[in-house]
Amino acid sequence: MLQDAFGRSFEYLRLSITEVCNFSCTYCLPDGYRKKPGPGFMRLDEIARLACGFADLGTWKIRITGGEPSVRKDFVQVIETLAATPGVRRLATTTNGYRLNKNAKTWREAGLQAINVSVDSFRDDVFHKVTGHDRLAEVLRGIEACLEADYDAVKINAVLLKGINDQDLDLFLDYVKHRPVSMRFIELMRTGDNADYFGRYHVSASVVSEALERAGWVRKTRAAGAGPAVEYVHGDYVGSIGLIAPYAKDFCKSCNRLRVSALGKLHLCLFTEFGMDLRPLLQADDQLDELKAFLGKSLQSKAVSHFLDDGITGGNHRFADIGG
Ligand code: SAM
Ligand code: SF4
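These lines cover the structure that appears in this document, whether it is placed above or below. (Residues numbered from 1 in each chain as written. Chains lettered and ligands numbered in written order. Predicted model: local features only at pLDDT ≥ 70, side-chain atom pairs only at ≥ 80, totals over all residues. Heavy atoms only, no water.)

A short note on the packing of aromatic side chains
Two aromatic rings, taken as a pair, are described by how far apart their centres are and by the angle between their planes. Using the criterion set out here, one finds seven aromatic pairs in the structure. An angle of 85° between the planes, with centres 5.1 Å apart, marks the rings of Phe172 and Phe185 as edge-to-face. Here Phe172 is found in helix α6 (residues 169-177), whereas its partner Phe185 is found in strand β6 (residues 181-187), with 13 residues between them in sequence. For the pair Phe172 and Phe185, one class covers both residues: buried. (Phe/Tyr/Trp six-rings, centres within 6.5 Å; stacked < 30°, edge-to-face > 60°. Helix = DSSP H or I, 4+ residues; strand = E, 2+ residues; numbered from the N terminus. Buried < 20%, exposed > 50% of the residue type's maximum accessible area, 1.4 Å probe, protein only.)

Structure (structure tokens):
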């Protein structure tokens, strides 16, 4: 069991498999992905060993992320490999929805159980402005394909952006009225290189929580082991709402996740300065015990909080580099 010095258990791994992305979201990769020199992303065999190590230590949920995970040519094999790892009971991904319409069924059949699709706006022009792509209709068709393919959970992620989508709560709510979809609003996070953008567009998630409460939405009690999202439900809506407010007091108390970047670095928090290189421990099957010992020991240095309120952003320059 992976436990840190503050008694938090870590049963959830966010695993990035690529830094490459075909979108250029203004808050993440405003100039699009640019290839960097250096080692390539983790290979399938390294990913398989990594998953075994974590699963042996009690990790039962893995979210595949990126960059855009689906740009990897072996994405279906990655899904199959992780789904077949003993101990992994929940396999999810976060995607920008590119070609989701064509792939939703294949990924589901390969073993993917849950999917988060990023949709920052239900207005075509705003979606285009934020992502650099005129693909809202295609992404929405992809979400319908996920519902048809019977995923266990379909969620939509929207980063709250002042003056861009924060006035459109009704459009988001309309979407979940008759669909079993959870709409998740994520507060924009400051990273090492978005200080100006953050100053201009950050809006507190309390804007949404106050509007939801006025409209009769009810906050669900947090289930044991639940992550940091605050969930809201409403009797007139099939879907639900989740709020992810990293600047809220006590956000880190319920931290239950670890991150591994596409380059095989363990990040104890999204905002730590450095990742710890796991790759040398992923080269042969007989390194499993060494890997597990390293993971257990490393976790003891996890800090109690991200200290974002103190202006600390760590070494995370862009979420696409580590997976968000
Ligand atoms: N490409 C996929 C996607 O966009 O869904 C997966 C990777 S993306 C880095 C994961 C999540 O991080 C997305 O929901 C994205 O909106 C979010 N994200 C990226 N940069 C962010 C920031 N500065 N603050 C808050 N969320 C951010
Ligand atoms: Fe790409 Fe996702 Fe970042 Fe947008 S948020 S640029 S889709 S990695």
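The rest of the description comes next.
Some remarks on the site of ligand 1
Residues in close proximity to ligand 1 total 19 residues, the closest being Tyr27, Gly67, Ser118, Asn157 and Met189. Asn157 is positioned with one of its side-chain polar atoms (N or O) 3.1 Å from an oxygen atom of ligand 1. Within the backbone of Met189, one N or O atom sits 2.9 Å away from a nitrogen atom of ligand 1. A total of 550 Å² of accessible area belongs to ligand 1 in isolation, and the protein chains cover 95% of it. Only β3 (90-95), β5 (153-160) and β6 provide two or more residues apiece to the shell around ligand 1. Tallied by class, residues from the shell around ligand 1 come to seven nonpolar, 10 polar and two charged. (Near = heavy atom within 4 Å. Polar contact = N/O pair within 3.5 Å; in protein donor to acceptor, adjacent residues only side chain to side chain. Areas by Shrake-Rupley, 256 points an atom, 1.4 Å probe, with all protein chains shown as cover. Nonpolar A, V, L, I, M, F, W, Y, C, P; charged D, E, K, R; others polar.)

What about the packing of helix α3 (residues 100-110) against helix α5 (residues 136-148)?
Two elements in contact, α3 and α5, have axes whose closest approach is 7 Å; the angle formed by their N-to-C orientations is 20°. As far as their axial angle goes, α5 and α3 are roughly parallel. In this structure, α3 meets α5 at a crossing whose hand is right-handed. On α5, the residues that touch Leu100, Asn101 and Ala104 of α3 are Glu138, Arg141, Gly142, Ile143, Ala145 and Cys146. (Axes fitted to C-alpha atoms, helices over the stretch in contact; angles between N-to-C directions. Parallel < 35°, antiparallel > 145°, perpendicular 65-115°, else oblique. Left-handed = near helix turned anticlockwise from the far one by under 90°. Contact = heavy atoms within 4.5 Å.)

What about the site of ligand 2?
Around ligand 2, the neighbouring residues are Cys21, Phe23, Cys25, Tyr27, Cys28, Leu29, Gly67, Asn96 and Ala320. Here the residues of the shell around ligand 2 sort into seven nonpolar, two polar and no charged.

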